Amino acid sequence: MENINWSELSFGYMKTDYNVRCYYRDGKWGELEVSSSELINLHMASTCLHYGQESFEGLKVFKGKDGKARVFRMDENAKRMQSSCRGIMMPELPVEKFEEAVRKVVKLNERFIPPYESGASLYVRPLLIGLGAQVGVRPATEYLFIVFVTPVGPYFKDGFKPTPVVILRGYDRAAPLGTGTYKVGGNYAASLAAGEKAHELGYSAVLYLDAKEKKYVDECGPANFFGIKDNKYITPQSTSILPSITNKSLMQLAEDMGMTVERRQIPEDELATFEEAAECGTAAVVTPIERIDDIDENKSYVFSKDGKPGPVCEKLYHQLRAIQYGDVPDQYGWVTILS
Ligand SMILES: *Cc1c(COP(=O)(O)O)cnc(C)c1O
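Because the structure is predicted, anything quoted here is derived from the model rather than measured.

What counts and what doesn't
Residues numbered from 1 in each chain as written. Predicted model: local features only at pLDDT ≥ 70, side-chain atom pairs only at ≥ 80, totals over all residues. Heavy atoms only, no water. Phe/Tyr/Trp six-rings, centres within 6.5 Å; stacked < 30°, edge-to-face > 60°. Helix = DSSP H or I, 4+ residues; strand = E, 2+ residues; numbered from the N terminus. Buried < 20%, exposed > 50% of the residue type's maximum accessible area, 1.4 Å probe, protein only. Lys NZ or Arg CZ within 6 Å of the ring centre and 35° of its normal. Polar contact = N/O pair within 3.5 Å; in protein donor to acceptor, adjacent residues only side chain to side chain. Contact = heavy atoms within 4.5 Å. Domains from an automatic or database assignment. Buried area = accessible area lost by both parts, 1.4 Å probe. UniProt positions renumbered as here; feature names shortened; annotations may be inferred. Pairing = 2+ DSSP bridges.

**A word on the packing of aromatic side chains**
Across all of its chains, the model carries 13 aromatic pairs by this definition. Considering the side-chain rings of Phe160 and Tyr317, the 4.0 Å spacing of their centres and the 15° angle between planes classify their relative orientation as stacked. Of this pair, Phe160 sits in the loop between strand 8 (142-152) and strand 9 (163-167) while Tyr317 sits in helix 6 (residues 311-324), and the two are 157 residues apart along the sequence. The buried category is assigned to Tyr317, whose relative accessible area is 13%. Members of the aromatic cluster, each reached through a chain of ring pairs, are Tyr24, Trp29 and Tyr143. Positioned above the aromatic ring of Tyr23 is the side chain of Arg25, whose terminal nitrogen or guanidinium carbon lies 4.1 Å from the ring centre.

**Some words on the side chain of Glu219**
Among the secondary structure elements, Glu219 is positioned in strand 11 (residues 217-220). Using a relative accessible area of 2% as the deciding quantity, one classes Glu219 as buried. Polar side-chain contacts of Glu219 include one of 2.8 Å to the backbone nitrogen of Leu242. Among all residues touching Glu219, those that are not within four sequence positions of it are Arg173, Val206, Leu207, Tyr208, Asn224, Ser240, Ile241 and Leu242.

**What to know about the domain arrangement of the chain**
Taken domain by domain, the chain consists of domain 1 (6-152) and domain 2 (163-325). Distance between the C-alpha centres of domain 1 and domain 2: 26 Å. At the interface, 26 residues of domain 1 touch 20 residues of domain 2. Summing both sides of the interface, domain 1 and domain 2 together bury roughly 2000 Å²; the carbon and sulfur share of this comes to 62%. Its largest share of buried area at the contact with domain 2, domain 1 owes to Phe56, Phe72 and Arg80, together 31% of the area lost on that side.

**A short note on the side chain of Asn224**
Within the secondary structure layout, Asn224 lies in strand 12 (residues 224-229). Under the relative-accessibility criterion, Asn224 is labelled buried at 5%. Polar contacts involving the side chain of Asn224 include one to the main-chain carbonyl oxygen of Leu242, which spans 3.0 Å.

**Some thoughts on the UniProt feature "modified residue: N6-(pyridoxal phosphate)lysine" (unreviewed entry) in the chain**
As recorded in UniProt, the feature "modified residue: N6-(pyridoxal phosphate)lysine" (unreviewed entry) lies at Lys183. Looking at where Lys183 falls in the secondary structure, it is placed in the loop between strand 9 and helix 4 (185-200). The residues touching Lys183, leaving out its near neighbours within four places in the chain, are Glu54, Ser55, Phe56, Glu57, Gly58, Arg80, Ser84, Tyr188 and Leu242.

**Here we look at the pairing of strand 1 (residues 19-25)**
Of all the seven residues making up strand 1, six are buried; the element is thus mostly covered by neighbouring parts of the structure. The pairing of strand 1 with strand 3 (residues 33-35) spans three bridges and is classified as antiparallel. Among the inter-strand pairings, Arg21 is bridged to a residue of strand 3, identified as Glu33. Sheet analysis places strand 1 next to strand 8, joined by five bridges and oriented antiparallel. Counterpart to Cys22 in the pairing with strand 8 is Phe145. Hairpin connection between strand 1 and strand 2 (residues 28-29): a loop of two residues separates the two successive antiparallel strands, and Asp26 in this loop has a positive phi of roughly 50°.

This is the structure:
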């Protein structure tokens, strides 16, 4: 076993031993196949390359104090991938097949699961792509589902620390009735230019406003947004946001902590009234927002003046992590022990 410096891991790709694949041909899904190749052989006229027939997922496996590997809410990821498939006309992969593939790929790459103490995790990346020689714009007839894994450290290098985000009014990520609710590569291609501009300006992410009216808070880059005020957890309701499993879990935890959860439109002006704000997702976990600058309008909303996370974000973050690592009882059956 090579020496991996677990605590120095970034959110990047590292080669592991195996990946698991499954083909859809002649109208049905085949058996799971194990591969040790990092490459795929596909036709240059595949729909995934030309017309963006691609969906992906992201979930994490955590090693507990007891040495057991735990995966967080993988049935939710499986169901969301089915929703993405319906959204871009790909055949739905059965939930059981998805889960079987995740179990298999984690088991085969067990030696890459970071130890409990490191605070790192094994990132699981399922993807589903359209294959076959075709130039006409219509759904493919063949598909490939792949799951690979890679050990990852925190998404943000500075860890659990407030980060600045920016509103860039010249960009949209997804249209109100477009593909924003699906986890598809096309949304990410559409967000790259704004993301790079934000980074150039010194921000970690873009906070998108709703594309139609530019009035309400929408998605925060590759993560969901939530704000805290008056003992309330408030997160946007929108037809262009990806339904985050992390956000769904945090809403439950916030309720358990005696907070009221509101899922509704959030006018940009209301940001000025929030005591805390954060982005959340599998990669970002809970990342507190230091401030939001609406640079085109010369407005700024500040949530952390001392560079420290607010108390509610802190509590939500630790509670979620404690469940994921098995430090506290798994009250909702969110965790599956893999080995
Ligand atoms: C994956 C993703 C999220 C986070 O979802 P989780 O299920 O919490 O990982 C949020 N927004 C977008 C755009 C995403 O692609």
